[in-house]
Amino acid sequence: MSEAAVVMPAIVDEPDWQRLHPATLALALVKLGPRSLQFLPAIAALGFTGNWIWIVPAIGAFLAISLLAAWFQWLRFRFAVGDDEVVIESGVLSRQHRTIPFDRIQDVSIEQGLVSRALGIAKVGFETGAGGKENDASLDAIALGAAQALRTTIRAHRSGEVAAPVTADSAEAAPVAEDRLLFAMGPRQLLVAGLFNFSLAALAVVGAGMQFFDGLLPFDFNVFNPMDWIDIAEDYGLDQWLLAHRWIAGVGAALSLLLIGFASGIATMVFANWDFRLTREPRALRRTRGLTTRTDVAVPVRRVQAAILVTGWLRQRFGWHELRLQSLASDGEKERDHQVVPFAKLDAIDPVLAEVAILRPDAAQPWQHSHRIVALGGLIGAVCAATGGLVAVSLGQPLGWFGPVAGLLIGAGSLFGARFHRWADLGEQVAIRRGAWKPKLTLLPHASVQSVDLKSDFILRPLGLATLVFGVPGGSSLATHEIPAIPLATAHDLRTRILAARARS
């Protein structure tokens, strides 16, 4: 009788499990601030019922339970970085085991808030491209060096290279030799960009703050009130000269508006784009920026669907533009487009466009115009405004004359804006221009178009016109991609050629 064969079970190596950085508990303390607002009704209820003695113990219990829950979550969260995958286990009561192969990871983003930068940690996000935020994953707090090493490891794997293993104590990864700087912004350019980023959005904040602190300030002065400026003129004896009296009031209020507008624009630009750097990696464009919150995001080149050049009426006179890339991956939770060049001249933008195989039309490019019927919506609005104003005047309301004036301005603006609906077929891509106050130029490769809808209605059909609407993956937060009111035969021909190019790709 032969000896029975003994089958030994295969030995599976236990992953090298790692935990998040202990500073995660410090971040939990910071997050308690917003969460404590939910606890305010309970505190108020204790005060209203006269149980003041229980407020301090209640706050202490809330803090203790919150910290204990954060500690349990940190203790039950672990991850492991293998040769070709990231494994994450999480959950206190119900456990979740997730394996993410490197080949499925489209992007590794690194983000640092103000507290995270002080602690030397970062949040790492994995975008799988499977659709929906539930299909992505993140490591809330690991050492910055480990985050950079992890990103380098995944990128090296996708490039077919060999990278060093990633541990929690990994030093800052050295940049790959192929990386090169495409665009950067220094303090001087940020200052100029902030001046062109003039915004009056801060006026509401300043006005509310002045109302809130009105009883605390040792003086009573509102920069937006011309009467306060008149009082200053009277204090200095300028009320004896009526002309100077009025000029002081008007100029003072106007300077206040300008100062707040420019200051808010500069602050917004500096906080958002401090130390802005755009580098070219083997597979992606990597953008790092931010003063208080430092973000590190990659835009895979093959996932770029369109390029959008945005400028303003005044910025265009000085040659400044902004470049956004429409991609299959959105730019976090705030933007659907990737802002890869916030503020630059066209000669600095062209090299970035070349990296994603999109070319900007030259100055000699002939443009075709949409029919002036695109102004019809604005003209209808102008007629409605004028009619409403005249009705108000007939009822004895002198302010109704603002209606015809507004209607005249709306109508003129609509006719003027219709001149800026232009398009051009560049062979392998379509260029679409629109906008007078804030011009936009969309560069749309034929191969990126998934569908082309040809639309006509009871207004366009008698004129032999149609509107082409392009379906492009990813979507854009700026506008839909369409060419309105063009000849029907031209629309059919362009639609056929774009779909043929899509079929070939």
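What comes next is a walk through the structure. In this text the structure is predicted, and so the values were computed from the model without any measurement.

Right, let's talk about the overall build of the protein chain for a bit. The number of helices and strands found in the protein chain is 14 helices and 20 strands. Per-residue burial for the protein chain yields a buried fraction of 39% across its 505 residues. Within the protein chain, contacts between residues at least 6 apart in sequence are counted, and of these 55% link residues at least 24 apart. Surface accessibility of the protein chain: about 28900 Å² in total, with carbon and sulfur atoms responsible for 63%.

This part covers the sheet that holds strand β18 (residues 451–455). On the basis of which strands lie adjacent, the open sheet formed by 3 strands has the order β18-β19-β20 and antiparallel pairing. Since the sheet does not close on itself, it has two edges, and those belong to β18 and β20 (482–487), each with one partner. Here the strands of the sheet are splayed against their neighbours by 25 degrees on average, with no regard to which way each runs.

Quick look at the environment of F402 now. Here F402 lies in helix α13 (residues 402–418). Using a relative accessible area of 59% as the deciding quantity, one classes F402 as exposed. Along the primary structure F402 and G388 are separated by 14 residues, whereas in three dimensions their C-alpha atoms are 9.7 Å apart.

Now for the packing of helix α12 (residues 376–394) against α13. Look at α12 against α13: their axes get within 7 Å of each other, and the N-to-C directions meet at 170 degrees. The angle between the axes of α12 and α13 places the two elements in the roughly antiparallel class. Mapping the contact onto sequence places G378, L379, A382, A385, A386, G389 and L390 in α12 and G403, P404, G407, I410, G411, S414 and L415 in α13. The residue makeup of the contact of α12 with α13, split by class, is 8 nonpolar, 6 polar and no charged.

As a further point, take the side chain of Q429. Within the element layout of this structure, Q429 appears in strand β16 (residues 429–434). The exposure class assigned to Q429 is buried, which follows from its relative accessible area of 7%. For Q429, the side chain forms a polar contact with the main-chain oxygen of L359, separated by 2.5 Å. Ignoring sequence-local partners within four residues, the contact set of Q429 consists of I358, L359, A424, L443, L444, P445 and H446.

Turning our attention to unusual backbone geometry. Both trends apply: most residues other than glycine have a negative phi, and most peptide bonds are in trans. Non-glycine residue A357 carries a positive phi angle of around 60 degrees. In this fold, A357 is placed in the loop between α11 (346–355) and β14 (368–369). Residue A357 is classed as exposed on the basis of its relative accessible area of 65%.

Turning our eyes to something else, we now look at α12. Here α12 is 19 residues long and its end C-alpha atoms lie 27 Å apart, about the 27 Å a rise of 1.5 Å per residue gives. Along α12, the residues classified as buried are A382, A386 and G389. An end-on view of α12 places all buried positions within 65 degrees of arc, on one side of the element. Seen from the buried face of α12, the exposed residues on the opposite side, beyond 90 degrees, are G377, V383, C384 and S394. Of the surrounding secondary structure, the elements contacted by the buried residues of α12 are α13.

A few words now on the pairing of strand β15 (residues 422–425). As defined by bridge partners, β14 adjoins β15 across 2 bridges and the pair is classed as antiparallel. Pairing of Q368 across the sheet is with W423, part of β15. When β15 meets β16, the two strands line up antiparallel, connected through 4 bridges. What sits directly across from R422, in β16, is R433. Connecting β15 to the next strand, β16, in antiparallel fashion are 3 residues, including G427 with a positive phi near 100 degrees.

Let's shift gears to the sheet that holds strand β3 (residues 96–101). Sheet architecture is open: 3 strands sit in the order β1-β2-β3, paired in antiparallel fashion. In this open sheet, the two strands that pair with only one neighbour each are β1 (78–81) and β3. Shown here is a sheet whose adjacent strand axes are inclined to one another by a mean of 10 degrees, direction ignored. Across 6 bridges, the pairing between strand β2 (residues 85–90) and β3 is antiparallel.

Here we take up α11. The set of residues buried in α11 consists of I349, V352, L353 and E355. The buried residues of α11 all sit within an arc of 150 degrees when viewed along its axis, so they share a single face.

Procedures and definitions
Residues numbered from 1 in each chain as written. Predicted model: local features only at pLDDT ≥ 70, side-chain atom pairs only at ≥ 80, totals over all residues. Heavy atoms only, no water. Helix = DSSP H or I, 4+ residues; strand = E, 2+ residues; numbered from the N terminus. Buried < 20%, exposed > 50% of the residue type's maximum accessible area, 1.4 Å probe, protein only. Contact = heavy atoms within 4.5 Å. Areas by Shrake-Rupley, 256 points an atom, 1.4 Å probe, with all protein chains shown as cover. Pairing = 2+ DSSP bridges. Axes fitted to C-alpha atoms, helices over the stretch in contact; angles between N-to-C directions. Parallel < 35°, antiparallel > 145°, perpendicular 65-115°, else oblique. Nonpolar A, V, L, I, M, F, W, Y, C, P; charged D, E, K, R; others polar. Polar contact = N/O pair within 3.5 Å; in protein donor to acceptor, adjacent residues only side chain to side chain. Expected span 1.5 Å × (residues − 1). Arc of directions from axis to C-beta.

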